[in-house]
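Here are the chains, one letter per residue:
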Amino acid sequence: MKIMFLYPNHEGYFRCPLGLTVIMTVCANEGHEVRLFDTTFMNVSENKDNKIREKAKQVKVVTIDNFFNELSKNQIEDKWLKAIEEFSPDIIGTTIVEDSYVYCDRLLGLAKKKFNIPVVAGGVVPTVVPQIIIENPNIDYAVEAEGEVAFKELLNALKKGNDVSKVPNLWYKDNGKVKRTGLIKYLNMDEIPNQRIEFWNDKHFKKPYDGKLYNTGFFEASRGCMHKCHYCINRAFQVFQEESGKVRRNKSVDQIINEVKSIHKERNFELIMFTDDNFLARQPREFNEFYDRWKKEINVPYWMNTCIETVNEDNLPKLKESGCIGIGIGLETGSDWVRQNLLLKGKMNNDFYMEKFGLIAKYKIRSTINNIIGIPGEYEEDFFETIKLNKAIRALNPDLSSFDVTFMTPYMGTVIHNIALEMNLIEVHDEPGFKGMKKTNMSERQGPSMRNPCMSREKTMELFYDFADYVTGKKEIPEKFLKTDLSRRYANCDEIYELYEKYKSGPVDPLMIKPKEKVPFHKAEETAAEACY
């Protein structure tokens, strides 16, 4: 069969998504003809994500504007329809993330109207809310959870003209009635084929890092995370796909090394970035093998993201010796109370983070401190705790410490979305295929995606752009925020804090939530907040 895949990237953030790459690989390995329509480098004139980070002084400036050839929306749409006409696919496949779903739907709608070709959608959003996605008139099939088996079996069924009711992880329409087939167990990760990356423009593999542009390979050594953070989609996987088994799984060291080695041989990467949520969450004996083989067989600098409790005196010197040049850590907030009660990020406190970042600095590995602003229930006083902790961590080794800050975003499937929906902190869609989703632009960089009853949008934006100057000392922290008020006497938002308690057991189907009529704002912030959103 002939499959046209759509990657509807509308903000110029380049890095080919591993999930879609693996699905295209599975299809190609089965003998199907695969074509990709990628809007990344035609939709904008720059990488918007990176430009905002540069403006906020979170990263060093790297020139990449020449990567883009911006076209008008009409030109892109004409190009899309022409690509379909020339290729004449049997089916169109796409991956859906909430940030680009509206744009994706626009392109799918044009294709459906002109060609009426069946459309199958996978990815994060169809996984957490398949019951909503399948109602979209432009989508015929929605894949819930992992798609490697589902895509392969769906294509085989369609090719043979068979009933699709035996295809696992599938939602579909039968004479206008929505049906689902049921979930299978998560894959053994060693059964996932080595990714084929020939579908992608080579520019996707150019990664700005620490002021330089690297030829970069992107790989996964594991999937999922065992933590239950209120803002993370992994919690949705744990709850909504519980019958599929443990979300957190690892590839064997042998499989990791073999995949990287085979692709690196062709591409000659200068940097490897592991996209895992929690890279170091596996047995030390496995990593002893990894460190040794990586140094001997790959010998390319690598970066990874992990959770703070997984770094220690044993693995850090081995990471350094094997070629690890950077570690990303999710701090999220400098307020112990916010971290433990609003984010549900375990019992780890600021002293623990200082100790662990101190170890990373000791072994001279570059660290990136990831932070969030705009958490519903977070006050300005709380965010200055984040600023102070980042400043203290950076002082451990200013040359090897970097930081990042993003806006809290109410993605479907997270507890944060449940709270935002119930508290009326977002304006939502009500049309089929979009019910309960935030109406206006979703972005972790461009600005707050929801109201915060405790801090105005204006103040949130100000702190976002002043964050780097406060952390580096270019801007003095106001005296009133220098002392920590552990009792949080400034806080007066019990109604929203009660909701965090309510959802401690995990997210629920957003269609079950009835929004409250009035949003409680904090005193002086009410006028500013209502004026800014």
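Provided above is the structure to which this section pertains.
How each quantity is defined
- Residue positions are counted from 1 within each chain, in the order its sequence is given.
- Thresholds applied to this predicted model are a pLDDT of at least 70 for local features of residues and 80 or more for the giving and counting of side-chain atom pairs; totals over whole chains, interfaces and linings are not thresholded and use all residues.
- Calculation of side-chain values draws on the structure's entire complement of heavy atoms; hydrogens and water are dropped beforehand.
- Working definition: helices are DSSP H or I runs of at least four residues, strands are E runs of at least two. Numbering for both runs from the N terminus.
- Each radius of gyration is computed over the set of C-alpha atoms, and the globule rule expresses the reference value as 2.2 Å times the number of residues to the power 0.38.
- Throughout this description, buried means an accessible area under 20% of the type-specific maximum (1.4 Å probe, protein chains only), exposed means over 50%, and partly exposed covers the range between.
- Residue contacts are defined here by distance: any two heavy atoms, one from each residue, within 4.5 Å place the two residues in contact.
- The protein chains shown are the only cover counted for residues, whose accessible areas, like all others here, come from Shrake-Rupley with a 1.4 Å probe.
- Disulfides are defined as pairs of cysteine sulfur atoms found within 2.5 Å of each other.
- Strands pair, by our definition, only if DSSP identifies at least two bridges between them.
- Interaxial angle, 0 to 180 degrees, is taken between N-to-C directions of lines fitted to C-alpha atoms, where a helix line uses only the stretch in contact.
- What makes a nonpolar core is a set of buried Ala, Val, Leu, Ile, Met, Phe, Trp, Tyr and Cys residues whose side-chain atoms join them at distances within 4.5 Å.

S.K.: How should I be thinking about the overall build of the protein chain in this particular structure?
M.R.: The number of helices and strands found in the protein chain is 18 helices and 16 strands. Taking 2.2 N^0.38 as the reference for a compact globule, 533 residues should give roughly 24 Å; the C-alpha atoms of the protein chain span a radius of gyration of 23 Å, in line with that estimate. On the principal axes, the C-alpha backbone points of the protein chain span a range of 70 × 60 × 45 Å. When the 533 residues of the protein chain are sorted by exposure, 59% land in the buried category. Considering only contacts in the protein chain between residues 6 or more positions apart, those separated by 24 or more positions represent 77%. In the form shown here, the protein chain has an accessible surface area of approximately 22,500 Å², with 47% of it arising from carbon and sulfur atoms.

S.K.: Which parts of the structure should I look at to understand the state of the cysteines?
M.R.: What makes a disulfide is a covalent bond joining the sulfur atoms belonging to two cysteines. Scanning the entire structure with this criterion turns up zero disulfides. In this structure Cys-229 is not part of a disulfide, and its nearest cysteine sulfur, from Cys-232, lies 6.1 Å away. For Cys-229, a relative accessible area of 8% translates into the label buried. For Cys-454, which is in no disulfide, the shortest distance to another cysteine sulfur is to Cys-493 and amounts to 3.4 Å.

S.K.: Could you clarify how one ought to interpret the sheet that holds strand 8 (residues 206-209) in this entry?
M.R.: Consider a sheet: its strands pair through backbone hydrogen bonds, and that pairing is either parallel or antiparallel. Strands sit in the order 8-9-12-13-14-15-16 across an open sheet of seven strands; the sheet is mixed. Since the sheet does not close on itself, it has two edges, and those belong to strand 8 and strand 16 (401-407), each with one partner. The average angle at which neighbouring strand axes cross in this sheet is 30 degrees, direction not considered. Inspection of the sheet shows strand 13 (residues 302-306) paired to strand 14 (residues 324-332) by five bridges, in the parallel sense. Within the sheet, the bridge partner assigned to Trp-303 lies in strand 14 and is Gly-326.

S.K.: Any chance you could explain the nonpolar core here in plain terms?
M.R.: One recurring pattern in soluble globular proteins is that nonpolar side chains are buried together. If you look at the biggest cluster of nonpolar residues, it comprises 90 residues, and the most contacted ones within it are Phe-5, Phe-274, Phe-290 and Leu-319. In this structure Phe-5 touches Leu-20, Ile-23, Met-24, Cys-27, Val-34, Arg-35, Leu-36, Phe-37, Gly-93, Thr-94 and Phe-151, once residues within four positions along its chain are discounted.

S.K.: What should I look at first to understand the sheet that holds strand 3 (residues 91-95) in this one?
M.R.: One open sheet holds the seven strands; their spatial order is 2-1-3-4-5-6-7, and the pairing between them is mixed. In the strand order of this sheet, the two ends are held by strand 2 (33-38) and strand 7 (177-180), each with one partner. Each adjacent strand pair in this sheet contributes to an overall mean axis angle of 20 degrees, direction not counted. In the sheet, strand 4 (residues 119-122) pairs with strand 5 (residues 141-143) via two bridges, with the strands oriented parallel.

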